[in-house]
Amino acid sequence: MVLSSRKWSAANILIFILLCIGAVFMIAPLLWMVSTSFKTKMEVFALPPVWIPEEWLTAKYSEIWTAGPLLSGIKNSVIVAVSVTLIGTFTSSLAAFALAKLQVPHKNKIFLMLLSSIMIPYPAVMIPQFIMFSNVGWNDSLLPLIVPGLFGNVFMIFFLRQYLTSVPNAIIEAAKIDGSSYFGIYAKIVFPLIKPAVAAQLILWFMGVWNDYLAPTIYLTSEENYTLQLVIGNFNAMYAIQTDYPLIMAASVISLLPMLIVFLVFQKQIIESVAISAVKG
Amino acid sequence: MPAKSKLYRKEMIYGYLFLAPPVIGMLLFTLYPMLYSIYGSFTDWDGLGQMNFIGLDNYKDLFSDELFHKAMFNTFFMMIGIPIGLVLALLLAMGLNRGIPGTTAFRVIYYVPVISSLAAISILWQWAYNGDYGLVNQFLDLFGIKGPNWLANKHTVKPAIMIMAIWKGLGYSMLLYLAALQSVSRSYYEAAELDGANGFQTFRAITWPMVKPVTFFIVVTSIIGGSQIFTEINIMTSTGGPEYSSASAVFYMWQKAFGNFQLGYSSAMAVLLALFIFIVTLVQFKLNEKSSGDLD
């Protein structure tokens, strides 16, 4: 920031070098994964290790699609993550609007109640939830992964409510006097104003749902219903015995790619909204 | 007045309408199952037959269940990684807060493991920990160290998972620290410089107190997250590791519930887990109140 005049002081050069070494440690395992996915089996077990394959074999990247239900895994993950985050964001933002801007009796009590429910961890409720969904015949389907999310996300409500406090009440009062309906105020005035915050929260939530592992292991039993994370977990269990590491790594690379792209595209928004969560939290 | 109260009534109705989904969701998918877990923990629930009330038997059994003790021990042991990650993250954030060129790139690189799926990362590290051909041992080999077969050795499997967790979470804590550091006014540091404070004194008197809330936040969320560790264990050591040395509390609970269908028994574990997290959160609130009082 201010130190520009002594940007390259001895101390800063040293720190820069340390940061570079740290960055190597952070990125090396991921590069190793990518490089392994292009190797021959011989190269995988070569000593000393081969970082850059002699020939970049892309065979594994075509093989993975038939070696397991990778494509349906991606499809299922997209179905779950998109439906949860889109509808869940809608319900969450409506609730945040009511909490921040509408005169609702006991709304603070309701908010507190919602907040305190965050304290209850998923593993503590997963067994009764499992039985509940089994009783309605939703086992081995995506519904148990989707339906709870449709009702909203308390974290998102929390942050959007916070964000809405910066929207002046006068705008909303004026719209009320103009005779706008409450849903109209939300759709035409509130939502456009909080769009950046909504987008950031939606991305974070999407990533969380996309990467979820525990709930899918509980509900999904047939392979065609697996989400992507389960598919690659299964790849790992099946092909590690055959030491087909290039295949496993290729599947893992494919599973990482979507989130990596989302992150690189929205890195500024993601980093900012995570940072806000700390200051506010 | 009647017109106003009519408007008010309408606003109230819409307010409740907008609040209904999350409230219903919470009652249906959190509160009700939680109460059911508590109830189930006092029964011999197996998902099929009748649920018979057996009092505290499940809890008593847990008390003398060696595998449960192991799982609890493993879970807490792996939390040793929390302070290590914390120190690294703070150092990193301080390094990145000096306006050195490339800061944005570093931030992105350190954050990539955070956004990566835990399943893929666990698979990658399982391979990296391979005794003969894994990346970790090949790296150690450069220094003439013969590394163990990390995940197959009951002494190294927990540190191995811990190191991976630190690696994965580092970027997140770093980011939070960086945000906190950037909110510290430059004038504090300038005043300290004028007073002739050295680097360490500045750190102790300014930086550390200013980032204390973030430290606190990271510690609490890491304890809560750490007490629920599952994915890494399930993927890297699908049987719970050599002599059950990597099984976590949630892993054991998951096995008992969905492998053995001892639903009542695992509900007792679920209740203990919820209780633990409740206490941690409560302590956080109390300490937070106290420390914010100190500042004023």
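Residues numbered from 1 in each chain as written. Chains lettered and ligands numbered in written order. Predicted model: local features only at pLDDT ≥ 70, side-chain atom pairs only at ≥ 80, totals over all residues.

### So, the overall build of chain B
Argument step 1. Within chain B, the regular secondary structure consists of 13 helices and zero strands.
Argument step 2. The C-alpha radius of gyration computed for chain B amounts to 24 Å, which surpasses the reference 19 Å derived for 296 residues by more than 25%, pointing to a less compact arrangement than a globule.
Argument step 3. Across its three principal directions, the C-alpha atoms of chain B cover 80 × 75 × 30 Å.
Argument step 4. Looking at chain B as a whole, 42% of its 296 residues are labelled buried.
Argument step 5. Long-range pairs, those at least 24 residues apart, make up 69% of the contacts in chain B with a sequence separation of at least 6. (Helix = DSSP H or I, 4+ residues; strand = E, 2+ residues; numbered from the N terminus. Rg over C-alpha atoms; globule rule 2.2 N^0.38 Å. Buried ≥ 20, exposed ≤ 12 C-beta atoms within 10 Å, placed from the backbone. Contact = placed C-beta atoms within 7 Å.)

### Section: the overall build of chain A
Argument step 1. The number of helices and strands found in chain A is 13 helices and zero strands.
Argument step 2. Secondary structure elements of chain A occur, N-terminal to C-terminal, as α-α-α-α-α-α-α-α-α-α-α-α-α.
Argument step 3. In terms of C-alpha radius of gyration, chain A reaches 24 Å, well past the compact-globule figure of 19 Å for 281 residues.
Argument step 4. Each principal axis of the C-alpha atoms in chain A carries an extent, and together these give about 75 × 70 × 30 Å.
Argument step 5. Per-residue burial over chain A gives 41% buried out of 281 residues.

### Some thoughts on the domain arrangement of chain B
All names here are of chain B.
Argument step 1. When cut into domains, chain B gives domain 1 (2-60) and domain 2 (67-295).
Argument step 2. Between domain 1 and domain 2, the contact holds 12 residues from the first and 10 residues from the second.
Argument step 3. The residue makeup of the side of domain 1 that touches domain 2, split by class, is four nonpolar, six polar and two charged. (Domains from an automatic or database assignment. Nonpolar A, V, L, I, M, F, W, Y, C, P; charged D, E, K, R; others polar.)

### Quick notes on the confidence of the model for chain A
Argument step 1. Here chain A averages 91 in pLDDT, and 96% of its residues register 70 or above.
Argument step 2. Mean pLDDT across the elements of chain A bottoms out in helix α2 (residues 41-44) of chain A (86) and peaks in helix α7 (residues 143-150) of chain A (98). (pLDDT = per-residue confidence, 0-100.)

### Thoughts on the packing of helix α4 (residues 70-101) of chain A against helix α10 (residues 182-211) of chain A
Residues and elements named next belong to chain A.
Argument step 1. In contact at an axis separation of 9 Å, α4 and α10 are set at 140 degrees when each is read in the N-to-C sense. Compared by their axis directions, α4 and α10 come out oblique. Considering how the two elements wind past one another, α4 and α10 form a crossing that is right-handed. Counting all contacts with α4, which are made through Ser77, Val80, Ala81, Val84, Thr85, Thr89, Ser93, Leu94 and Phe97, the residues of α10 involved are Tyr186, Val190, Phe191, Ile194, Val198, Leu202, Trp205, Phe206, Val209 and Trp210.
Argument step 2. Broken down by class, the residue content of the contact of α4 with α10 amounts to 15 nonpolar, four polar and no charged. (Axes fitted to C-alpha atoms, helices over the stretch in contact; angles between N-to-C directions. Parallel < 35°, antiparallel > 145°, perpendicular 65-115°, else oblique. Left-handed = near helix turned anticlockwise from the far one by under 90°.)

### A closer look at helix α9 (residues 186-194) of chain B
Argument step 1. Among the nine residues that make up α9 of chain B, zero are buried, leaving the element largely open to the surroundings.
Argument step 2. In the stretch just after α9 of chain B, glycine 196 of chain B is the one whose phi turns positive, near 75 degrees.

### Quick word on the nonpolar core
Argument step 1. Membership of the largest hydrophobic core comes to 150 residues, with the highest contact counts inside it found for Ala98, Ile157, Leu160 and Ala251 of chain A together with Met174, Leu176 and Tyr177 of chain B.
Argument step 2. The two domains that each donate at least three residues to this core are domain 1 (2-60) and domain 2 (67-295) of chain B. (Core = buried A, V, L, I, M, F, W, Y, C linked by C-beta atoms within 7 Å.)

### Details of the interface of chain A and chain B
Argument step 1. Taken together, the contact pairs 77 residues of chain A with 78 residues of chain B.
Argument step 2. Broken down by class, the residue content of the side of chain A that touches chain B amounts to 57 nonpolar, 18 polar and two charged.

### Notes on the packing of helix α1 (residues 10-37) of chain A against helix α6 (residues 118-128) of chain B
Argument step 1. Put simply, α1 of chain A and α6 of chain B touch, their axes get as near as 10 Å, and they point 85 degrees apart. Considered as vectors, α1 of chain A and α6 of chain B are oriented roughly perpendicular to each other. Where α1 of chain A abuts α6 of chain B, its residues Pro29, Trp32 and Met33 of chain A lie against Leu124, Trp125 and Ala128 of chain B.

### Some words on helix α12 (residues 228-239) of chain A
Argument step 1. A rise of 1.5 Å per residue sets the reference length of α12 of chain A, with its 12 residues, at 16 Å; its end C-alpha atoms lie 16 Å apart and thus fit the reference within 8%.
Argument step 2. Restricting attention to buried positions, one finds in α12 of chain A the residues Leu228, Gln229, Leu230, Val231, Ile232, Gly233, Phe235 and Asn236 of chain A. (Expected span 1.5 Å × (residues − 1).)

### Some remarks on the environment of tyrosine 129 of chain B
All names here are of chain B.
Argument step 1. With respect to the secondary-structure elements, tyrosine 129 resides in the loop between α6 and α7 (135-142).
Argument step 2. Judged by local crowding, tyrosine 129 falls into the buried class, with 25 C-beta atoms found within 10 Å.
Argument step 3. Taking C-alpha positions, tyrosine 129 is 9.7 Å from isoleucine 161, a pair spaced 32 residues apart along the chain.
Argument step 4. Sequence-distant contacts of tyrosine 129, that is, excluding residues within four places in its chain, are made with Gly134, Val136, Trp150, Leu151 and Ala160.

### Observations concerning the confidence of the model for chain B
Argument step 1. When pLDDT is averaged across chain B, the result is 92; 97% of the residues are at 70 or more.
Argument step 2. Overall fold confidence for the complex sits at a pTM of 0.92, while the interface term, ipTM, reaches 0.91.

### Observations concerning the environment of alanine 96 of chain A
Residues and elements named next belong to chain A.
Argument step 1. With respect to the element layout, alanine 96 can be found in helix α4.
Argument step 2. Sequence separation of alanine 96 and leucine 193 is 97 residues, and the distance between their C-alpha atoms is 13 Å.
Argument step 3. In contact with alanine 96, not counting residues within four places along its chain, are Ile157, Leu160, Arg161 and Leu164.

### Let's talk about the environment of valine 167 of chain A
Residues and elements named next belong to chain A.
Argument step 1. Summarising the element assignment, valine 167 is placed in the loop between α8 (154-164) and α9 (169-177).
Argument step 2. Taking the C-alpha atoms as reference points, valine 167 and valine 209, separated by 42 residues in sequence, lie 29 Å from one another.
Argument step 3. Contacts of valine 167, omitting those with residues within four sequence positions, involve Val190 and Leu193.

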